[in-house]
Amino acid sequence: MLHYDIVVIGFGKAGKTLAAKFASAGKKVALIERSPSMYGGTCINIGCIPTKTLLVAAEQHLSFEEVFSQKEAVVSRLNQKNYAMLQDKSVDLFDAEAHFISNKVLEMVAGDDRQEITADIIIINTGATSNILPIPGLATSDYVYDSTGIQQLSELPEILGILGGGNIGLEFATLYNQLGSKVTVLDASDTFLPRAEPSIAHLAKQYLSEDGIRLLQNIRTTEIKNEDKKVVVVTEDETYSFDALLYATGRKPNVAPLQLENTDIQLSKQGAIQVNKHCETSVPGVFAVGDVNGGPQFTYVSLDDARIVYNYLTGAGDYTLENRKNIPNTLFITPPLSQIGMTEAQAKEANLPYAVKEIPVASMPRAHVNNNLRGAFKVVVNTSTKEILGASIFATGSQEIINIITVAMDNHIPYTYFKHQLFTHPTLAENLNDVFDL
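Predicted model only: the values in this text are computed from it and were never measured.

Cut-offs and rules
- Residues numbered from 1 in each chain as written.
- Predicted model: local features only at pLDDT ≥ 70, side-chain atom pairs only at ≥ 80, totals over all residues.
- Heavy atoms only, no water.
- UniProt positions renumbered as here; feature names shortened; annotations may be inferred.
- Buried < 20%, exposed > 50% of the residue type's maximum accessible area, 1.4 Å probe, protein only.
- Helix = DSSP H or I, 4+ residues; strand = E, 2+ residues; numbered from the N terminus.
- Contact = heavy atoms within 4.5 Å.
- Salt bridge = Lys/Arg side-chain N within 4 Å of Asp/Glu carboxyl O.
- Pairing = 2+ DSSP bridges.
- Axes fitted to C-alpha atoms, helices over the stretch in contact; angles between N-to-C directions.
- Domains from an automatic or database assignment.
- Buried area = accessible area lost by both parts, 1.4 Å probe.
- Polar contact = N/O pair within 3.5 Å; in protein donor to acceptor, adjacent residues only side chain to side chain.

K.L.:
Before we go on, may I ask you to explain the UniProt feature "binding site: NAD(+)" (unreviewed entry) in the protein in this structure?
P.N.:
The UniProt record annotates "binding site: NAD(+)" (unreviewed entry) at Gly164, Gly165, Gly166, Asn167, Ile168, Gly169, Leu170, Glu171 and Gly250. Maximum C-alpha separation among the annotated residues is 13.2 Å over a sequence range of 87 residues, consistent with a single clustered spot. Residue class for Gly166 comes out partly exposed when judged on its relative accessible area of 33%. For Glu171, the location among the structural elements is in helix H5 (residues 167–179). For Glu171, the residues in contact, after removing those within four places along its chain, are Lys52, Leu55, Thr330, Leu331 and Phe332.

Structure (structure tokens):
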């Protein structure tokens, strides 16, 4: 049996970061990844990086073939860069699928080859997998794809259907609409972007509709089937026919291959691996990081999990899940919608003393320079403590601007500070002067 100081299962953001850091510190480290195509993890290979590369290429009006060729070049480059990084750190990389035999013993399976491996510390970083709803025909019909499969199409579907109106569904709707597909989004929710400020969600729906995307709410799908090389979606009210269908109905922690029933590792009611404030499971010395532990499914949260584990295992342990601060997020539609903290409704529900202000992007000089008047800024502040409670930035470059607000919130900088902050001109960020002038 092979023995290591640390074994990492999964080549995701947290796993590769921990493997590299501990190897640099002189530990004997192994990383197990079941597919070379996933070196670097979900973000680099099938998630954030390829999808945003596709969006940027589509905005540059490249052809379908050029867009996907550019994506493949970026993914291949970063995949190999991640492989080389671990090789440079002398991490032993095993191309195999790992499952638990007992609490601290794993079996690696690669074809007919099997090898047992154990370690003082085991780190689970197996990510998430597509959530397949129990809709008859969804898993068995042709021309139906998840967010990974939709990136492998050899030709552009003329008519594309999307099940799900969340981040993944709307980002792919934006992409394929720009590429020339006729896109229909079938959303089971009766509210468009229910976690966004209603006024911002209204604008987003307006813009997506203006761009030609058909957005349908409160759709109850009863069956999916094939007819004449089409995929047919049968709902309670109507039947829709598409050349391809993307199901974007969320992702769930990828725990099934681990065979955790052979261990004392506990799962939550939602099927995620339960962890304490140090990301440690119910088995001492076994940690779960990234999407698999049920936290927010963002690459930067996975990286933060790595910080927490490294901090704990190197002796300090003073940075934990309990003192993690604000988590911003961005929906990459056109323009991008970035959010952090509370909405106005949440501040009201919490019975906080609050004030809000919303200003349209059309009132901002830089928007006229860009010839793009879409969007709005909205902020929610505490009138007693002067702290920022939340913000929605719906504008070109919002994914950058939101980080300024994150820093302010994390460091308890009062919103009044922004009224007199010097920003370069002409920029959209300078309008933080105005929106925080409450």
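K.L.:
Just to check I follow, could you spell out the pattern of salt bridges for this structure?
P.N.:
Working definition: two side chains of opposite charge can pair if their charged atoms are close together. Counting across every chain of the model gives 13 salt bridges. A salt bridge links Glu107 to Arg114; its shortest N-O distance comes to 2.9 Å. The exposure class assigned to Arg114 is exposed, which follows from its relative accessible area of 54%. As a salt-bridge pair, Asp304 and Arg307 come within 2.8 Å of each other at their nearest N and O atoms. Of the two residues, Asp304 and Arg307 both sit in helix H7 (residues 299–313), 3 residues apart, roughly one turn of that helix. Since its relative accessible area comes to 45%, Arg307 is described here as partly exposed. Linked by salt bridges that have partners in common, Asp304, Asp305, Arg307 and Arg324 make up one network.

K.L.:
What is the right way to look at the sheet that holds strand E20 (residues 354–360) in this model?
P.N.:
Backbone hydrogen bonds hold the strands of a sheet together, and the pairing may be parallel or antiparallel. Reading across the sheet, the 5 strands line up as E18-E19-E22-E21-E20 and stay open at both edges, with antiparallel pairing between neighbours. Each of the sheet's edge strands pairs with one partner strand only, and the pair in question is strand E18 (329–331) and E20. Each neighbouring strand pair of the sheet contributes to a mean axis angle of 10 degrees, computed without reference to strand direction. When E18 meets strand E19 (residues 337–341), the two strands line up antiparallel, connected through 3 bridges. Following the sheet pairing, Asn329 is matched in E19 by Gln339. Seen against the sheet, helix H6 (residues 198–210) touches E19, E20, strand E21 (376–382) and strand E22 (388–394) and runs at an angle of roughly 10 degrees to E22. Its contacts with the sheet place helix H10 (residues 398–410) against E18, E19, E21 and E22, and it is angled at close to 175 degrees to E22.

K.L.:
Please clarify how the domain arrangement of the protein should be interpreted in this entry.
P.N.:
Interfaces are frequently sized by the accessible area removed from exposure as the parts join. The assigned domain composition of the protein is domain 1 (2–129 + 251–323), domain 2 (144–247) and domain 3 (328–436). Residue-level contacts link 15 residues of domain 1 with 17 residues of domain 2. Summed over the three residues of domain 1 that lose the most area to domain 2, namely Ile46, Leu55 and Phe64, the buried surface amounts to 41% of that side. Between the two partners, domain 1 and domain 2, sit 1 salt bridge. Glu171 serves as the salt-bridge partner of Lys52, at 3.1 Å between the closest nitrogen and oxygen. At the surface where domain 1 touches domain 2, the tally comes to 3 residue pairs in polar contact (both at pLDDT 80 or more).

K.L.:
Which parts of the structure should I look at to understand the pairing of strand E14 (residues 239–242)?
P.N.:
Residues in a regular strand point their side chains to alternate faces of the sheet. By the alternation rule, side chains of E14 split into Tyr240 and Phe242, which are all buried, and Thr239 and Ser241, of which none is buried. Turn length for the strand E13 (residues 230–235)-E14 hairpin, with the two strands adjacent in sequence and antiparallel, is 3 residues.

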